[in-house]
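What the coordinates show
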Amino acid sequence: MDLLTSTTVQQIINAVSVGAIYALFALGYALVFSILGVLNLAHSAIFMWGAFIGMLALDPEKAPILIAFSIAALLLSIPSILLEKRIVQPQLLRLPHQSQRFVGLIVRVVALYLLWQIGRPIYGILIGILPETMIIPAIIAFVFSVLGGGILSVILEFTAFRPLRARNAARLAQLVSSIGAALVLVNVAQIAFDWLYNRTEGYYPRDVQLLPFIPTETWIIGDLRITPIRVVILVIALGLMVALQYMVTKTQIGQQMRAVAFNQRISSLLGIDVSRVYIVTFFLAGAFGGAAGMLFGMVFLNVTPFIGESIALVGLTAIVLGGLGSINGAVLGGFIVAFIQTASVTFGGSSYRNAIVFILLFLVLLLRPQGILGQAEENRA
Amino acid sequence: MGFLIDGFNQLQTWLLILLSPLNITEPVLQFMLVSAILGLSIYLTLYTGMFSLANGGFMAIGAYVSVLLTQQAGWSLSLSILTGMIVAGIIAVPIGLPVLRLRDIYLAIATIGFGEVVRIMALNFDDLVESFIKWMVQKEILFDSLISRAETSDMLDITIRDNGNVRVNFELLGGARGIKGIPVMAETWMLVLFLIIVIYFIIRLHRSRLGRAMAAIRQDEQAASNMGIDVVYVKNVVFVLSAMIAAAAGGLSGHLTRIIDPSNYGFDLVVDILAYAVLGGTQTWAGPVIGAMVLRALPETLRGFSELRGLINGLILLGAIVYLPSGLVDIKGFRGLVAYFRNNRTQRKEMVKDNANT
Amino acid sequence: MPILELKHVSRHFGGLLALEDVNMIVEVGKVVGLIGPNGAGKTTMINNISGLDHPTNGEILFQGQAIHKQTPHKITQIGITRTYQNIRLFGDMTAHDNLLIGQHARGRATLLESLFFLPRYLEEERTLRQRATELLAQFGLEHVTNTLAGTLSYGDQRRLEMARALAANPKLILLDEPTAGMNPTETHELGEQILRLRAMGITILVIEHDMSLIHQVCDEVYVLNFGCMIAQGTPTEIRANPLVIEAYLGVDEDSRSPRLHT
């Protein structure tokens, strides 16, 4: 094999595995957009948290902290959810309409503070019980990332999106609140990084076996060097995408999701539990974001609170390319962006990588706003 | 003019003494004022119903152009800021014409993309020029003039090795390091003056045909076009005006600090500007001004939390959009509240009367 | 002399034919009615004339000038204004300000002139405001001058929208179901208002379901069904036309009871 083709093949392999991560990430965007018509800009923060959680779980010294924190949070979440549903909300509804929001805010801030104070000793006890170092298999760490992403995403739905939907706020207001949520998540991560690593950066351990039967050393075929992890990532990403596709088209909840996407009001009149559909949607979106984050971390090893920023715009380009709200389009868009980035790095230099993505985004919006797979909307007055 | 500035400085000293319990020092005040100007730049587009987030990009253009003019060409501050505004305004036309056809989220995404392209251009401008000059030298295009330019200029450096290798070094925008050693020429009174000019402009705008057309477009674009309003024209004019105001804010703020670099004008800035408008509300021009001032002052006032500035900003953005949907300056809400209490009182009075009657 | 002429106008939305080879002539100074069952394409036709939508085929002439490719604001400037089936006032503005916007096409003062209070701006502003006040009086809306349009009563909103359409000094006004939701007395008053406009020399094309209004004001009536013009004539002729009766009675009961539909 001559040099040119072997580097080309190498680049294609790299592009495909990065594209799989982008596609996984963009799926979460597309899922929320297709069902709510809202762009969730906090999705990239969830991606970052997915990478962060995965990294903590794989680090033997940090794993106990993660586990103790998770257990403490889980323990506290059950009574607090019950409290909110059974006591806080019914009582709030009895207050005069004008003061509900304000009192609700105060009550919840106080409750959060109390939870924090109760949670700390629980965490202290747990960390005492757990061994100082724990080795968690990568596949379990992956599950942590997925669940963490999903749960964070559901929390976002309750704090940033549901209150706005309840008062029929403009979709742009929901975009703004998602930006606010993203800021909060990134800054909390920054504090956590400072606390855990004394700096805003962390590294994945090298040569992690994501699945026990996959070797870690690089395969060399002719001139090609293939890291098995990239293949595994591709397989996992494709598997998740197929699962999602199956779920949306074949299962009952998938049908309900499509119904809500079509018309929320009619769906609720037909007896679909719209609130549950939203929760499932956000959980799935977050789970995909978290998975993408962890896989991204395993490929690039370096994790900071800011890795979400660049992928946010990559994901945005991917879903715009594929047609906002189209799930298949998001996957296609993810791969296209990865190929364009890889090509631009090969031919132009890495500094223009993102510039090219943005110019692409710009052109697609201007020339074909409905995206590649989207259908033109007839402008009927 | 001189005694006016003296008077202003007196006033400012007193103001700063008054604000000192809030930890507001002169630099903080200056950035509050710059932010207020930025808030007004996004107010104009939001008032017209356009969700454009291009302000950060135009601010960068204004800052770079005016800083280069004062630092490299030795122009006066006012002239270079004016030039920065004009350049931003001119760039806004070819951007606005295609982009403003988009709506809502599409417009937001496209304008975010524009801002990022500007930032990346600033980051790579020197490299781009370097490779272009290198290509020209290798192809011997304008060879002599380039070499002589390189000898006289401290920006450009060309070395040709014996083996024919060409090394070009070009430094104008300084890439990620940015431009250093900018003369600090802007003063507080200039910021106040400019803010007042912009506010006057906006007040007059609201009472003009163009201003009424803007409000009409925000409420119903199609109906507005049936009133004889050229929607495309109005939107583009507003986009250009907003770009020019943002560019002026950029030029002024560039001359407050000794250094500017592309990271000052990223997505974070856009989020901040949006937060000014969201927190203050966009019913009147006062909303974004007050929103900007509060949001800028808050981290200083709550000193000790300064490393939590991002977190506080996020919580405020989230809290404001969820709990204060019309922002801090909420005229309608205020009227509604007054009416509510008045009704309550009359109701109570009537109840008392009823009770007395029975 | 025709003021408005539609020649073989068709409008297709994908496979759906909203208008199919429609021909129509509106004479200067007449009140012309356009009736037809729901979904017949009446509003599509008004949208095409006012420039919100453009025909797929055919042409529309206003005073002999082709307007079917023009933008809405140009069409307003040359003298066609309209109202909407579902009222589209600028709800956040006062009634008075809505009428100022309505006169947008008449204004000439630039932003610069208003910045520095130059005489032309002041003069123009004065005449615009005066005209707005006159219009409010003409439509009996003086009592709501400074009320936000969105909070007006339904009838007042309808009247304000007509006043706004008149504000631009049009030659032709398109009224899209102006009496929807009104009671018979209000409808009759509106009819008188339309006749007053005709007396002022303004041509009117009115979409209407209410046959009493059609009889009261129209000189000529066109009937649209499934995108095709099926009949044309005086109101009395139309009432006797078997095709029209079939169009209204033959489809289903619902489309015959227009007052329920707004």
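Predicted, not measured: the structure shown is a model, and the values here were computed from it.

**Points about the sheet that holds strand β1 (residues 2-13) of chain C**
Residues and elements named next belong to chain C. The four strands lie next to each other as β2-β1-β4-β5, forming an open sheet whose pairing is antiparallel. Of all the strands in the sheet, just β2 (16-27) and β5 (65-66) have a single pairing partner and so form its edges. Sheet analysis places strand β4 (residues 57-62) next to β5, joined by two bridges and oriented antiparallel. Within β5, the position partnered with L61 by the bridge is A66.

**Quick notes on the domain arrangement of chain B**
Residue and element names in this part refer to chain B. For chain B, the assigned domains read domain 1 (24-132 + 177-335) and domain 2 (133-176). Inter-centroid distance (C-alpha atoms) of domain 1 to domain 2 is 37 Å. Each side of the interface is counted separately: domain 1 has 15 residues, and domain 2 has 13 residues. For the side of domain 1 that touches domain 2, the leading source of residues is helix α5 (residues 104-138), giving nine residues. When its residues are assigned to classes, the side of domain 1 that touches domain 2 shows eight nonpolar, two polar and five charged.

**With respect to the nonpolar core**
Membership of the largest hydrophobic core comes to 289 residues, with the highest contact counts inside it found for I21, A23, L24 and L27 of chain A together with I37, A88 and L274 of chain B. If you tally residues by element for this core, the top one is helix α1 (residues 3-36) of chain A, at 17 residues. Excluding its chain neighbours within four sequence positions, the residues that come into contact with L24 of chain A are A237, L240, F288, A291 and A292 of chain A.

**Digging into the packing of helix α3 (residues 55-71) of chain B against helix α10 (residues 231-254) of chain B**
Residue and element names in this part refer to chain B. With their axes 7 Å apart at the nearest point, α3 and α10 run at an angle of 50° to one another. Classed by the angle they form, the pair α3 and α10 counts as oblique. Like other packed secondary-structure pairs, α3 and α10 cross with a definite hand, here right-handed. Across from N55, F58, M59, A60, I61, G62, A63, S66 and V67 in α3, the residues of α10 making contact are S242, A243, A246, A247, A248, A249, G250, G251, S253 and G254.

**Details of the interface of chain B and chain A**
Interface size is commonly expressed as the accessible area that is lost once the parts come together. Taken together, the contact pairs 33 residues of chain B with 38 residues of chain A. For the side of chain B that touches chain A, the secondary-structure elements that each account for two or more residues are α5, α11 (267-280) and α13 (309-323) of chain B. Across the side of chain B that touches chain A, the residue classes break down as 24 nonpolar, six polar and three charged.

**Describing the domain arrangement of chain C**
Residues and elements named next belong to chain C. Each assigned domain of chain C is listed with its residue range as follows: domain 1 (2-89 + 154-260) and domain 2 (91-151). Between the C-alpha centres of domain 1 and domain 2 the distance comes to 27 Å. With 14 residues of domain 1 in contact, the opposing surface of domain 2 contributes 17 residues. Secondary structure elements with two or more residues in the side of domain 1 that touches domain 2: α2 (72-77) and α6 (154-167). No other element matches the nine residues that α6 contributes to the side of domain 1 that touches domain 2. Among the residues forming the side of domain 1 that touches domain 2, the class breakdown is seven nonpolar, four polar and three charged.

Parameters and conventions
- Residues numbered from 1 in each chain as written.
- Chains lettered and ligands numbered in written order.
- Predicted model: local features only at pLDDT ≥ 70, side-chain atom pairs only at ≥ 80, totals over all residues.
- Pairing = 2+ DSSP bridges.
- Helix = DSSP H or I, 4+ residues; strand = E, 2+ residues; numbered from the N terminus.
- Domains from an automatic or database assignment.
- Contact = placed C-beta atoms within 7 Å.
- Nonpolar A, V, L, I, M, F, W, Y, C, P; charged D, E, K, R; others polar.
- Core = buried A, V, L, I, M, F, W, Y, C linked by C-beta atoms within 7 Å.
- Buried ≥ 20, exposed ≤ 12 C-beta atoms within 10 Å, placed from the backbone.
- Axes fitted to C-alpha atoms, helices over the stretch in contact; angles between N-to-C directions.
- Parallel < 35°, antiparallel > 145°, perpendicular 65-115°, else oblique.
- Left-handed = near helix turned anticlockwise from the far one by under 90°.

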